[in-house]
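Fold and contact review
Read off the chains here:
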Amino acid sequence: MLRYALTTLRANVTRFVATALAVIIGVGFLAAGLMLTDAMRVALSGNVQRQYAGVDVVVEPAASLAEFGASVPADVLSEVAATPGVTAAAGELSATAAILDRTGASSTPRAKGRAWIPEAQLNPLTIEAGRAPTADGEVVVDRGTAADNDLHVGSTVRLGTPAGPSSATVVGISGFGRTDSVDPGGTLSFAPATSLRLLSPGSPAWNAILVAAKDPATTMTALRHTLPQSLEITSGHDFRASQQDADAGFIDLLRPVLQGFAYLALFVCGFVIFNTFSVVVTQRFRELALIRAVGGTPGQVRRSLVLEGAVVGFVSSAVGVAFGAALAVALQAVLGAFDIKLPGSGVALSTGTVVLCLVVGTVVTVLSVIVPAVRAGRTKPVEAMRDAAVDRSGASIARAVIGGACLVAAIVLLLADRFGTASGWFLGPGSLLLFVGLVVGGPLVARLFASLLRIPARRSGVTARLAVDNAGRNPKRTATTANALVIGLFLVTLVTVSGDALKTWTVERINALSSSDFIVTGDRSGVAPDLVAQMRTTKGVADIGPVSQAGVLTTSGEVALVSGADIDELRRTTGLEVRSGSLEDVAAGRGAAVTDLGGASTSGGGGAGPGSDRSIAATPGRLGESIELVSPDGSPVGVDVLATLEPKLDTLLLGTLLDRERFTAVAGEHPVTSVFVRVEPGQAEAVGRRLDRLVATHAGTQVQPGNFIGEIVSQIFDFLIGAVNALLGMSVVIALVGIVNTITLSIFERRRELGMLRALGMTRRQVAWMVRTEAVLIGLLGTIIGVGAGLLLGWVMIGSLPGHIPLNVNWTRLALIALVGVLAGVIASIAPARRATRIEMVEAMATT
Amino acid sequence: MTDATLQWAAQVLGATKVYGTGEAEVRALDGVTVGFERGRFTAIMGPSGSGKSTLMQCTAGLDRLTAGQVLIGDVDITRLSEKQLTLLRRQKIGFVFQQFNLLPTLSAAENIAFPLALAGRKPERDWMEHVVATVGLADRLRHKPSELSGGQQQRVAVARALVERPEIVVADEPTGNLDSRASAEILTFMADAVSQFGQTVVMVTHDPVSAAYADRILFLADGRIVDELLQPTRESILARMGRLGL
């Protein structure tokens, strides 16, 4: 039987093209995801290892405080260097910086400025040409940036930095091992003192202090004694591990997401494979019966088909792995063309990936083949003598009852969920039943669809009539083909509809809360003081409210977000509205103002970010409560809540609000991190332009409209909806392959009939039109069911969420999705239609 | 119209059909010239591989000749484009196949009217009724092919071939899948169509009983017409076949 399976396979290779293609796409997608993420992880961890290779001990802000841009005051470096056991210490500092072209625009949009580390054992960079920067006005650029911008030792460049524009002479070119730079967008290195001035304006501070020590353990103890509580002392090993987590952590999120979509695509493949083998079994009916007649057991027939499936699956999976590798490389190239450099180059081809892909692809194929194989096993020997295969219509009563019951139960459950009180409970079972109902009852739906269309088709001529008849002729096959499309379109619709609804609702809520006209924010080094001064005098600006923010440790070891500002300025620029207490007391420095969220304390919720073991402290929510903070000198300070504020976007950003003087006393010196701007009436647009121009030379500083959170949230939603839909697109592509497959196989089956039609005078154009219509009808069926089910489930899901979110369906977008579905049918029909027109008329005379 | 085209429904002039090249070259037709007179029932006989099917297919415009001409009425179909040829088949040629070749999703009536429907036309009612009555299908018109016996299906096919009043009806072993009684029925209908409507019919067969319904028999061997028999009977056919060694 093995021989039989293999020879049949070889003789009918073309019949499996679609199956193979579907598996190749699915497995390729899976493989590409795995390889890319592997390569990225290897590259990122490798980079971290190299970057901090010589580091034994690290002094950094308490991990949770780092989230708030807290940093290590510049003068701590000399203290650390003087600690016994320290052989070398250097400040690490990086912030956005750019080389400006003649027009003042950045020509290195993703570059970082860094403090040059003079201590060789701590410095991952090497000087390739020239020398290290030692004074103001000197910069070292990395190899890549130098090549891209045609810079040499001796060139003069204009720079954009957080402190504003500046110019410098290139004194050296740096490298990072075999790669150009530590930072993917390029590195500009400055002498340490220069970097403090340029990259950390306002309050000079390091991101961290890197230490080399003879005996790291004792050095750590010594440092712990000398340095304040707000600084954390970490071993080089732990630091590298946490950096790797931070850098590569997103990969752990990305990987399962990509895999999930790949498995979905493979699930859709299952439908295509199932269809192919069902058709193959029907076509080989007589041959199979003959095998049975000459003494083949049902088991042998079954096994031979499963074996065929396994071979097809395995070979296609192997090709899929190669396709995946090519896909990964192509993706890197495409992103590279858009100047997005993924970490790591090439693909990481691990044994695990290859084995997983081969196993998954083969298993999916074999599973999909089992039902047709069992059916083949049931072939009766006597059928070898019969004339032709019977067109089994798949309309058994059991199918009708089960399918119908599932569909009815699903709709009842979903409606109960929508209008009932037990919101959410019936959603899962309801959707599952809906799916089962569509799969089981699919042929009936397909038949119903065909008979509904027969009425309009009758009017538009015999060709349309035949196309509709053909679509309804083998309802089982039509339904399976359409279902492959249903899965993709259903999910696309669901994601789009519910995503849109959530987005609109959320953005509206957020925008209702905002009150200032612009918010200017700096990156972790803050907004430069001169910039703040310039903003104050900018034409059209009515008032500004600069705010410094910091994370401050509480006595219970948590972190509280504390803001310091001139309370009166803030009142004029933002929508501070007092709900209870008095802001005057806060302005006088006697206590804090917090947002009133209905008396409940705002929970920080969870950890303060990856690698942090501290949680964010709850902000007290009531008058008279107090919060116990740890001041920079280590002594505890109690701050009383003297006023509560109406919840507005601005106030929510502020956390615990203090007068500036009190803030400095409690949290230490911090740069201005954001500036609220109120403009004169009707000046919003002009001021926006002026502010944009103003910050252009201050790398890292951004001007955002007061409703920026709304915009960001809206962008995030759009991005997520788009990304998920793009990934789901893979399953739509496979469904398309499925339609091509079904139509091609049907044509193959109906050769004689098509030959007859041509003989009787059907023109090639009419034949092509008929085939195309059939494909479009299948696409249409899948689209109607998929979009309909997605809409239904989206409506139920959004309705069962608390908060009465309106389902504002974006009909244009929905129409676009439907168009994609129908187009899938059109595209899928191109090749088969051409094939159908080439059928020889003498086929009509063929006797088989 | 010339006298010749009045007399001949179809003419084949110097028809040559070659399949394959070099060693594998097969001359299915080797310079055949023959005319099919209007209102006559011609049978083509010959052993397998004699070229009888090829002659029929080329005459009906299903396949193209390597050399020579085919005239349907006064139209030289070897000069027609694919599209023109298709339209000509639709209007001027009727087909009856061994495998019946009905469309399974259409009713008997719809199958009969199919060639007209392809052109977007409706059958003339009287003619349709006449044809249907002739083949005895009046009470089966709403049935699907799967609900009809083989003989009934072939009667539908004959009606379909006649409904356009084509120049010529081409039948390829029309009784090959039928029992003797159904065969006799079908052949009688075709002979009736010739005698009553003046229809021209050309039939390929290897069965002397079937061929005996024809007015004239052409014998083919090795791509040439080797003999002709007028007003044949079963006995005269068998005798002639024996003489030719077929």
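For the structure itself, look to the data block above.
Residues numbered from 1 in each chain as written. Chains lettered and ligands numbered in written order. Predicted model: local features only at pLDDT ≥ 70, side-chain atom pairs only at ≥ 80, totals over all residues. Heavy atoms only, no water.

What follows is about the overall build of chain B. Tallying secondary structure elements over chain B gives 10 helices and 10 strands in all. Here chain B holds 246 residues, and the buried ones make up 55% of them. Expressed as a percentage of contacts within chain B between residues at least 6 apart in sequence, the contacts between residues at least 24 apart total 68%. (Helix = DSSP H or I, 4+ residues; strand = E, 2+ residues; numbered from the N terminus. Buried < 20%, exposed > 50% of the residue type's maximum accessible area, 1.4 Å probe, protein only. Contact = heavy atoms within 4.5 Å.)

The helix and strand tally for chain A stands at 25 helices and 24 strands. For chain A, with 848 residues in total, the buried portion stands at 52%. Taking as baseline every contact in chain A between residues at least 6 positions apart, the subset at least 24 positions apart corresponds to 82%. Total accessible area on chain A is roughly 35,600 Å²; 62% of this is exposed by carbon and sulfur atoms. (Areas by Shrake-Rupley, 256 points an atom, 1.4 Å probe, with all protein chains shown as cover.)

Attention shifts here to unusual backbone geometry. A positive phi angle, close to 55°, is found at Asp-150 of chain A, a residue other than glycine. When you line up the elements, Asp-150 of chain A lands in the loop between helix 5 (143–149) and strand 9 (156–161). Take Asp-150 of chain A: its relative accessible area is 55%, and that puts it in the exposed class. The backbone of Arg-165 of chain B sits at a positive phi, close to 50°, despite the residue not being glycine. Here Arg-165 of chain B is to be found in the loop between helix 7 (150–163) and strand 7 (168–172).

Okay, the nonpolar core next. Ranked by internal contacts, the top residues of the largest apolar core, which has 136 residues, are Leu-757 of chain A together with Phe-95 and Phe-114 of chain B. Among residues more than four places away in sequence, those in contact with Leu-757 of chain A are Leu-466, Met-762 and Met-770 of chain A together with Leu-103, Phe-114 and Leu-118 of chain B. Ranked by size, the runner-up nonpolar core spans 42 residues in total, among them Val-131, Leu-162, Ala-211 and Ala-214 of chain B. (Core = buried A, V, L, I, M, F, W, Y, C linked by side-chain atoms within 4.5 Å.)

Let's shift gears to the sheet that holds strand 7 of chain B. All names here are of chain B. One open sheet holds the six strands; their spatial order is 6-7-8-3-9-10, and the pairing between them is mixed. Looking at the sheet topology across the chains shown, the edges are occupied by strand 6 (93–96) and strand 10 (224–230). Geometrically, the sheet is characterised by an average inter-axis angle of 20° between neighbouring strands, direction not taken into account. Sheet topology places strand 3 (residues 41–45) next to strand 9 (residues 216–221); four bridges connect them, and they run parallel. For Met-45, the partnering residue across the bridge sits in strand 9 and is Phe-219. Contacts between helix 2 (residues 52–59) and the sheet are confined to strand 3, strand 6, strand 7, strand 8 (201–204) and strand 9, with strand 7 contributing the most and set at about 150° to the helix. (Pairing = 2+ DSSP bridges. Axes fitted to C-alpha atoms, helices over the stretch in contact; angles between N-to-C directions.)

With that out of the way, let us pick up the environment of Thr-538 of chain A. All names here are of chain A. Tracing the sequence through the fold places Thr-538 in the loop between helix 16 (529–536) and strand 16 (541–553). C-alpha separation for the pair Thr-538 and Arg-690, spaced 152 residues apart in sequence, amounts to 7.5 Å. If sequence neighbours within four positions are ignored, Thr-538 has contacts with Arg-690 and Leu-694.

Residue and element names in this part refer to chain A. Following both chains from N to C, one finds helix 14 (residues 462–473) and helix 24 (residues 764–799) inclined at 40°, their axes separated by 8 Å at the closest point. Between helix 14 and helix 24, the crossing angle belongs to the class labelled oblique. Crossing geometry of helix 14 relative to helix 24 is assigned as right-handed. Residue-level contacts link Thr-463, Ala-464, Leu-466, Ala-467, Val-468, Asn-470 and Ala-471 of helix 14 to Gln-766, Trp-769, Met-770, Thr-773, Glu-774 and Leu-777 of helix 24. The residue inventory of the contact of helix 14 with helix 24, partitioned by class, reads eight nonpolar, four polar and one charged. (Parallel < 35°, antiparallel > 145°, perpendicular 65-115°, else oblique. Left-handed = near helix turned anticlockwise from the far one by under 90°. Nonpolar A, V, L, I, M, F, W, Y, C, P; charged D, E, K, R; others polar.)

Residue and element names in this part refer to chain A. Of the strand pairs in this sheet, strand 18 (residues 578–581) and strand 21 (residues 636–645) are connected by three bridges, and their pairing is antiparallel. Paired with Val-578 across the bridge in strand 21 is Leu-645. Here strand 19 (residues 592–595) pairs with strand 21 via four bridges, running parallel. What sits directly across from Ala-593, in strand 21, is Ala-643. Alignment of strand 20 (residues 626–630) against strand 21, held across five bridges, turns out to be antiparallel. Within strand 21, the residue paired with Val-630 across the bridge is Pro-636. Once strand 20 ends, the chain turns through five residues before running back antiparallel as strand 21, passing Gly-634 with a positive phi of about 95°.

Below, the discussion takes up a positive patch on the surface. Together, Arg-764, Arg-834 and Arg-838 of chain A together with Arg-64 of chain B give the surface a local cluster of positive charge. Position of Arg-838 of chain A among the secondary structure elements: in the segment after helix 25 (811–837). (Patch = residues over 30% accessible without salt bridge, like charges linked within 9 Å, V, L, I, M, F, W, Y side chains within 5 Å. Salt bridge = Lys/Arg side-chain N within 4 Å of Asp/Glu carboxyl O. Lys, Arg positive; Asp, Glu negative; His and termini not counted. Charge placed at Lys NZ, Arg CZ, Asp CG, Glu CD.)

For the rest of this paragraph, the subject is the interface of chain A and chain B. Listed per partner, the contact involves 23 residues of chain A and 27 residues of chain B. Roughly 2,400 Å² of surface becomes buried between chain A and chain B when both sides are summed, with 62% attributable to carbon and sulfur atoms. Between the two partners, chain A and chain B, sit two salt bridges. With a closest N to O distance of 2.8 Å, Glu-110 of chain B and Arg-465 of chain A form a salt bridge. The interface formed by chain A and chain B includes 10 residue pairs in polar contact (both at pLDDT 80 or more). Listed by contribution, the elements that provide at least two residues to the side of chain A that touches chain B are helix 14, helix 23 (751–759) and helix 24 of chain A. The biggest single contributor to the side of chain A that touches chain B is helix 23 of chain A, with six residues. Looking at side-chain class alone, the side of chain A that touches chain B contains 12 nonpolar, four polar and seven charged residues. (Buried area = accessible area lost by both parts, 1.4 Å probe. Polar contact = N/O pair within 3.5 Å; in protein donor to acceptor, adjacent residues only side chain to side chain.)

This part covers the sheet that holds strand 3 (residues 86–92) of chain A. Residue and element names in this part refer to chain A. One open sheet accounts for four strands, arranged 3-13-1-14; its pairing is antiparallel. Looking at strand neighbours, the two that pair on one side only are strand 3 and strand 14 (231–235), the edges of this open sheet. Ignoring which end each strand starts from, the neighbouring axes of this sheet average 20° apart. Note: strand 1 (residues 57–61) against strand 13 (residues 208–213), three bridges, orientation antiparallel. The residue of strand 13 that forms the bridge with Val-57 is Val-211. Across the face of the sheet, helix 8 (residues 236–283) comes into contact with strand 1 and strand 14 while running at roughly 100° to strand 14.

The next point concerns the side chain of Thr-480 of chain A. Positionally, Thr-480 of chain A belongs in helix 15 (residues 475–513). In this structure Thr-480 of chain A touches Phe-271, Phe-274 and Asn-275 of chain A, once residues within four positions along its chain are discounted.

Per the counting criterion, the structure on display carries five aromatic pairs over all chains. Between the aromatic rings of Phe-267 of chain A and Phe-435 of chain A, the centroid separation amounts to 6.0 Å while the plane-to-plane angle is 40°, which identifies the pairing as tilted. Of this pair, Phe-267 of chain A sits in helix 8 while Phe-435 of chain A sits in helix 13 (residues 427–459), and the two are 168 residues apart along the sequence. On the basis of relative accessible area, Phe-267 of chain A is assigned to the partly exposed category, the value being 44%. Seen in terms of ring centroids, Phe-95 of chain B and Phe-97 of chain B are 5.7 Å apart; in terms of plane orientation they differ by 5°. Their pairing is stacked. Overall, the relative accessible area of 2% leaves Phe-95 of chain B in the buried class. Overall, Phe-97 of chain B belongs to the buried group, its relative accessible area being 1%. Members of the aromatic cluster, each reached through a chain of ring pairs, are Phe-267, Phe-271 and Phe-435 of chain A. For the cation-ring pair, Arg-50 of chain A lies above Phe-176 of chain A, with the distance from its terminal atom to the ring centre recorded as 4.4 Å. Taking the ring centre of Trp-127 of chain B as reference, the NZ or CZ of Arg-165 of chain B above it sits at 4.3 Å. (Phe/Tyr/Trp six-rings, centres within 6.5 Å; stacked < 30°, edge-to-face > 60°. Lys NZ or Arg CZ within 6 Å of the ring centre and 35° of its normal.)

Moving on, we get to the environment of Thr-59 of chain B. Residue and element names in this part refer to chain B. Looking at the element boundaries, Thr-59 is found in helix 2. Remark: the alpha-carbon pair of Thr-59 and Ile-77, spanning 18 residues in sequence, is separated by 8.9 Å. Apart from the residues lying within four places of it in its own chain, the contact partners of Thr-59 are Ala-10, Val-12, Phe-36, Val-70, Ile-72, Ile-77 and Ile-93.

So, about a nonpolar patch on the surface. Residues and elements named next belong to chain A. There is a patch of nonpolar side chains on the surface, built from Val-355, Val-359, Val-363, Leu-367, Ile-370 and Val-371 and spanning about 490 Å² of accessible area. Along the chain, Val-371 falls in helix 11 (residues 351–377). In this structure Val-371 comes out as partly exposed when scored by relative accessible area, which is 42%.

This next bit is on helix 6 (residues 125–135) of chain B. All names here are of chain B. Listed in full, the buried residues belonging to helix 6 are Trp-127, Met-128, Val-131, Val-132, Thr-134 and Val-135. Each buried residue of helix 6 sits inside an arc of 160° when the element is viewed along its axis, so together they form one side. Seen from the open side of helix 6, the exposed residues pointing more than 90 degrees away from its buried face are Arg-125, Asp-126 and Ala-133. Turning to helix 6, the residues buried within the fold contact helix 4 (108–112), helix 7 and helix 8 (180–197). (Arc of directions from axis to C-beta.)

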